[in-house]
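Coordinates in review
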Amino acid sequence: MRKIGALEAGGTKMVLAVYLEDGTELERLTLPTETPEETVPPMIAFFRRHQVDALGIGSFGPLQLDPAAPDYGSITSTPKLKWKDYPLLKRLLDGMDIPAKIDTDVNAAVLAEVELGAARGCRNAVYVTIGTGVGGGVYAEGKLLHGLVHPELGHMLLRPHPEDPNPRGVCPYHEGCMEGLAAGPAIGARVQGDARDLPDDHPTFAIEAYYLAQMCVNLILTLSPQKIVLGGGVLGRECLLPMVRRETLRLLGGYVQHPAILQDMDNYIVAPELFPVSGLVGSFLLGKQALMEADGQ
Ligand code: ZN
């Protein structure tokens, strides 16, 4: 059976794995993300040692995802300066003539959740991770959505909560965007400390739920997903998901009259099933897609 290499490329760590085509995992390797000069050679060595037949990558971005572009597969304007304009896909292939596919880490994650996880069977779904940043992947009409560049759900603009002591948020690019208001660092700035030490009924979690619900409302109204999957470290606070469901219903005001929303919210905004390996499994699925497309299927 052929082998598929998978890489989930993150800002703090790289997770690599080799799978058989049927999804059996053979080996996994985690490396800290340093500079490309330090981090990429051991990744190339890992995939070469296994003689992989295809490669799938889910990476932090922004990324060039237009296969017709000369810099396809490059990391573009990232704030991680050592990786800016880095041709990740090209370097990893290192002259190996094998089929490969790259996408955002969150698009890889939504693909995994659609094929094997919490959004199984959906033709339209969104995956959002809320941790040190906020990122979202979109699966629309049976395909990963790229559009002009690729979705950047984490920076959608929201209206401030009236009791938010820091309503501008902490994003260096935008006033009042999702990531700047609701990612881990935003919560930390709001409570001036570590929110993990706070009780569930602390007002900051009502503010957090309000922002997450605004995002869900915007996603429902623009993309009409059949499922919204919310993951990431911030959602480790288990009281949040039920609060987000209630707040989403309240903010929608009964406008979207579908039973999935009106009667079955517990199964509409859900936790990922594959966390914390959604992105890695999605990268494997991207590599598998690349292999099947090369086979002419
Ligand atoms: Zn922003």
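What you see is a predicted model; the values in this text were computed from it and never measured.

Here we take up the pairing of strand 9 (residues 227-231). With five of five residues buried, strand 9 lies mostly within the body of the structure. Alternating residues of strand 9 divide into Lys227, Val229 and Gly231 and Ile228 and Leu230, and every residue in both groups is buried. Pairing between strand 6 (residues 125-130) and strand 9: five bridges, direction parallel. Each bridged residue has a counterpart across the sheet, and for Val128 the counterpart in strand 9 is Leu230.

By the element assignment, Thr248 lies in helix 7 (residues 240-252). Of the residues examined, Thr248 reaches a relative accessible area of 0% and is grouped as buried. Ignoring sequence-local partners within four residues, the contact set of Thr248 consists of Ala213, Cys216, Val217, Ile220, Met265 and Ile269.

Taking strand neighbours across the sheet as the criterion, the five strands line up as 3-2-1-4-5 in an open arrangement whose pairing is mixed. At either margin of the open sheet sits one strand with a lone partner, and together these are strand 3 (25-32) and strand 5 (100-104). Pairwise comparison of adjacent strand axes, ignoring direction, gives a mean angle of 15° for this sheet. Strand direction decides the pairing type here: strand 1 (residues 3-9) and strand 4 (residues 54-59), joined by six bridges, are parallel. Looking at the pairing, Ala9 lines up with Ser59 of strand 4. On the sheet, helix 3 (residues 105-116) packs against strand 1, strand 4 and strand 5 and is oriented at approximately 100° with respect to strand 5. Helix 9 (residues 278-294) rests against strand 1, strand 2 (13-20), strand 3, strand 4 and strand 5 of the sheet, and its axis sits at about 135° to strand 1.

Okay, the nonpolar core next. Counting 40 residues, the largest nonpolar core has Val128, Leu230 and Ile269 as its most contacted members. Of all the secondary-structure elements, those providing two or more residues to this core are strand 6, strand 7 (134-140), helix 4 (178-182), helix 6 (203-223), strand 9 and helix 7. In contact with Leu230, not counting residues within four places along its chain, are Val128, Ile130, Met215, Cys216, Leu235, Leu241, Val244, Ile269, Val270, Ala271 and Pro272. Judged by nonpolar contacts, the second largest core, of 29 residues, contains Val106, Ala118, Val270 and Leu286.

Moving on to the domain arrangement of the protein chain. For the protein chain, the assigned domains read domain 1 (3-104 + 276-294) and domain 2 (118-270). Computed from C-alpha coordinates alone, the two centres of domain 1 and domain 2 are separated by 27 Å. The interface of domain 1 with domain 2 comprises seven residues on the first partner and six residues on the second. Of the roughly 550 Å² buried between domain 1 and domain 2 on both sides combined, carbon and sulfur atoms contribute 58%.

Mapping Ser59 onto the fold places it in strand 4. Overall, the relative accessible area of 0% leaves Ser59 in the buried class. The sequence separation of Ser59 and Cys239 amounts to 180 residues, and the corresponding C-alpha distance is 30 Å. When sequence neighbours within four positions are dropped, the list of residues in contact with Ser59 reads Ala9, Ile75, Leu88, Asp103, Thr104 and Asp105.

Coordination sphere of the zinc ion, protein contribution only: His155 (ND1), Cys171 (SG), His174 (ND1) and Cys177 (SG), at 2.1 to 2.4 Å. Relative to the metal, the four donor atoms surrounding the zinc ion lie at angles of 104 to 119°, and the coordination shape comes out tetrahedral. Summarised as a motif, the one-chain spacing of the donors to the zinc ion is H-x15-C-x2-H-x2-C. With His155 in the loop between strand 8 (143-144) and helix 4 and Cys177 in the loop between strand 8 and helix 4, this residue pair connects regions lying 22 residues apart in the sequence.

What follows covers the packing of aromatic side chains. Scanning the entire structure with this criterion turns up five aromatic pairs. Consider the rings of Tyr210 and Tyr211, whose centres lie 5.9 Å apart with planes at 55°: the pair is tilted. With respect to burial, Tyr210 and Tyr211 carry one shared label: buried. Taken together, the aromatic side chains of Phe60, Trp83 and Tyr86 make up a single cluster linked through ring pairs. Over the ring of Phe60 we find Lys80; its NZ or CZ atom is 4.7 Å from the centre of that ring.

Rules of the game
Residues numbered from 1 in each chain as written. Predicted model: local features only at pLDDT ≥ 70, side-chain atom pairs only at ≥ 80, totals over all residues. Heavy atoms only, no water. Buried < 20%, exposed > 50% of the residue type's maximum accessible area, 1.4 Å probe, protein only. Helix = DSSP H or I, 4+ residues; strand = E, 2+ residues; numbered from the N terminus. Pairing = 2+ DSSP bridges. Contact = heavy atoms within 4.5 Å. Axes fitted to C-alpha atoms, helices over the stretch in contact; angles between N-to-C directions. Core = buried A, V, L, I, M, F, W, Y, C linked by side-chain atoms within 4.5 Å. Domains from an automatic or database assignment. Buried area = accessible area lost by both parts, 1.4 Å probe. Donors = N, O, S within 2.8 Å, 3.2 Å for Na, K, Ca; no water. Tetrahedral: all angles 85-135°; square planar, octahedral: opposite > 155°, others 65-115°. Phe/Tyr/Trp six-rings, centres within 6.5 Å; stacked < 30°, edge-to-face > 60°. Lys NZ or Arg CZ within 6 Å of the ring centre and 35° of its normal.

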